[in-house]
Amino acid sequence: MRTIRLTLAYDGANYSGWQVQPDRTSVQQVVEQALWELSGERVKVAASGRTDAGVHALAQVASFNTSLNVPVDAYRWGLVTKLPSDVVVTNAEEVPYGYHARFDAVRKTYRYVIHASRTAIPWLRNYVWWHRGDLDDGAMQQALEVFLGEHDFRCFETQWPNRSSSVRTIYEARWTRTSTWMPWCTEGPLLSGQTLGANGESAISPDRVEGAPFLCLEITANGFLYNMVRAIVGTLVPVGRGRWTVDDIRRILDTGDRSHAGDTAPAQGLYLANVVTVVDLDRIADRLARLEQLREDRADDD
């Protein structure tokens, strides 16, 4: 047996999330279907994180086991012809048998994008959370720093209690502002009759757009609870509006009560940005041994 690791980028707007769902299309479903069409083998693909409906991924890590001798490059480039256009394989590599995208993930980074503006951009409705009016990102950054380190984040989990611990460690978290070149802009030299530069360049370009209406959260942790990032964003936005303070955020975290925190932010602004996994042969061997023991115990019960 072999194990293949894939890195995937996908637009989650048309999917029910990563995990296979009855009567709804998921990213896992289309990836497994594409692998079957490519190789004729039915495999189960595991992901580093089960992104929710409408959530996107820049670098989702997935893995599957195979008994075939298909070259890695054949998976990398062959899947291009089998997957829908909103799911892309950006890398494929063979890793030691028993590697698991979820269990061998040690660090994940999510990005959340808010468009803070009185006017929405309709073409971005599936990719940002449009917030009417500006937000105080300085106050939001101060409040965000309350979450750094190890804490019990149960008040930011949609489904608590869970079967495992709700303690997580956030390593880094920061808000930044950014602008973007907007080809849908209704003002600029091409529309006002102005002359282009000597090289044909327009005065309206990515580094010339005034203002920075996009607020981007980058948050890195050893793991995240269900809807944790979206709940954190929904709790920080009232800080940006001036309704809550840093002390309010500390109090919410200390209570451990989901009802005290803010709303869950919309899914479309969330991106799984990066996943760090480890290939630890001892760790893999230990996991395989435990799985084999579990199979033997089940066989004895039968």
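Residues numbered from 1 in each chain as written. Predicted model: local features only at pLDDT ≥ 70, side-chain atom pairs only at ≥ 80, totals over all residues. Heavy atoms only, no water.

(A) Representation of the pairing of strand β1 (residues 2-10). The buried fraction of β1 is high, at eight of nine residues. Two strands pair when backbone bridges link them, and β1 and strand β4 (residues 87-95) are joined in this way by eight bridges, in the antiparallel orientation. Opposite Ala9, over in β4, you have Val88 as the bridge partner. (Buried < 20%, exposed > 50% of the residue type's maximum accessible area, 1.4 Å probe, protein only. Helix = DSSP H or I, 4+ residues; strand = E, 2+ residues; numbered from the N terminus. Pairing = 2+ DSSP bridges.)

(B) Fine view of the environment of Val45. By secondary structure assignment, the location of Val45 is in the loop between α1 (27-39) and β2 (46-47). Looking at Val45, the relative accessible area reads 1%, which means it is buried. Non-local contacts of Val45, meaning those with residues more than four positions away in its chain, are made with Trp18, Gln28, Val31, Glu32, Leu35, Ala62, Ser63 and Phe64. (Contact = heavy atoms within 4.5 Å.)

(C) Seen up close, the side chain of Thr220. By the secondary structure assignment, Thr220 is in strand β9 (residues 214-221). Once residues within four sequence positions are removed from consideration, Thr220 is found in contact with Arg107, Lys108, Thr109, Thr169, Ile170, Tyr171 and Glu172.

(D) Structural view of unusual backbone geometry. Not every positive phi belongs to a glycine, and Asp23 is a case in point at roughly 65 degrees. Assignment of secondary structure puts Asp23 in the loop between β1 and α1. Residue classification places Asp23 among the exposed positions, given a relative accessible area of 84%. The residue Asn227 is not glycine, and still its phi comes out positive at about 65 degrees. Checked against the element boundaries, Asn227 lands in the loop between β9 and α5 (228-240). The exposure class assigned to Asn227 is buried, which follows from its relative accessible area of 11%.

(E) Spatial organisation of the nonpolar core. In terms of nonpolar packing, the biggest core is built from 74 residues, with Val31, Phe147, Phe156 and Val233 touching the most fellow members. Apart from the residues within four sequence positions on either side, Phe156 is in contact with Phe147, Tyr226, Asn227, Met228, Ala231, Ile232, Thr235, Ile252, Leu253, Arg258 and Ala261. Formed by seven residues, the second largest nonpolar core is a distinct cluster that contains Val113, Val128, Cys216 and Tyr271. (Core = buried A, V, L, I, M, F, W, Y, C linked by side-chain atoms within 4.5 Å.)

(F) Region of the structure containing a negative patch on the surface. Taken together, the side chains of Glu296, Asp297, Asp300 and Asp301 define an acidic patch exposed on the protein surface. Relative to the helices and strands, Asp300 is located in helix α7 (residues 281-301). (Patch = residues over 30% accessible without salt bridge, like charges linked within 9 Å, V, L, I, M, F, W, Y side chains within 5 Å. Areas by Shrake-Rupley, 256 points an atom, 1.4 Å probe, with all protein chains shown as cover. Salt bridge = Lys/Arg side-chain N within 4 Å of Asp/Glu carboxyl O. Lys, Arg positive; Asp, Glu negative; His and termini not counted. Charge placed at Lys NZ, Arg CZ, Asp CG, Glu CD.)

(G) Molecular detail of the pattern of salt bridges. Scanning the entire structure with this criterion turns up 13 salt bridges. Here Arg230 makes a salt bridge to Asp52, at a shortest N to O gap of 3.6 Å. With a gap of 178 residues between them, Arg230 in helix α5 and Asp52 in the loop between β2 and β3 (56-66) connect regions that are remote in the sequence. Judged by relative accessible area, Asp52 falls into the buried class, the value being 17%. For Asp104, the salt bridge goes to Arg283, with nearest N and O atoms at 3.2 Å.

(H) Representation of the packing of aromatic side chains within the structure. Taken as a whole and assessed by the stated rule, the structure comprises six aromatic pairs. Between Phe64 and Tyr75, the aromatic rings sit 5.3 Å apart at their centres with planes inclined by 75 degrees, giving edge-to-face as the arrangement. Of this pair, Phe64 sits in strand β3 while Tyr75 sits in helix α2 (residues 72-78); the two residues are 11 residues apart in sequence, bridging distant segments of the chain. With respect to burial, Phe64 and Tyr75 carry one shared label: buried. (Phe/Tyr/Trp six-rings, centres within 6.5 Å; stacked < 30°, edge-to-face > 60°.)

The analysis is restricted to geometry; functional conclusions fall outside its scope.
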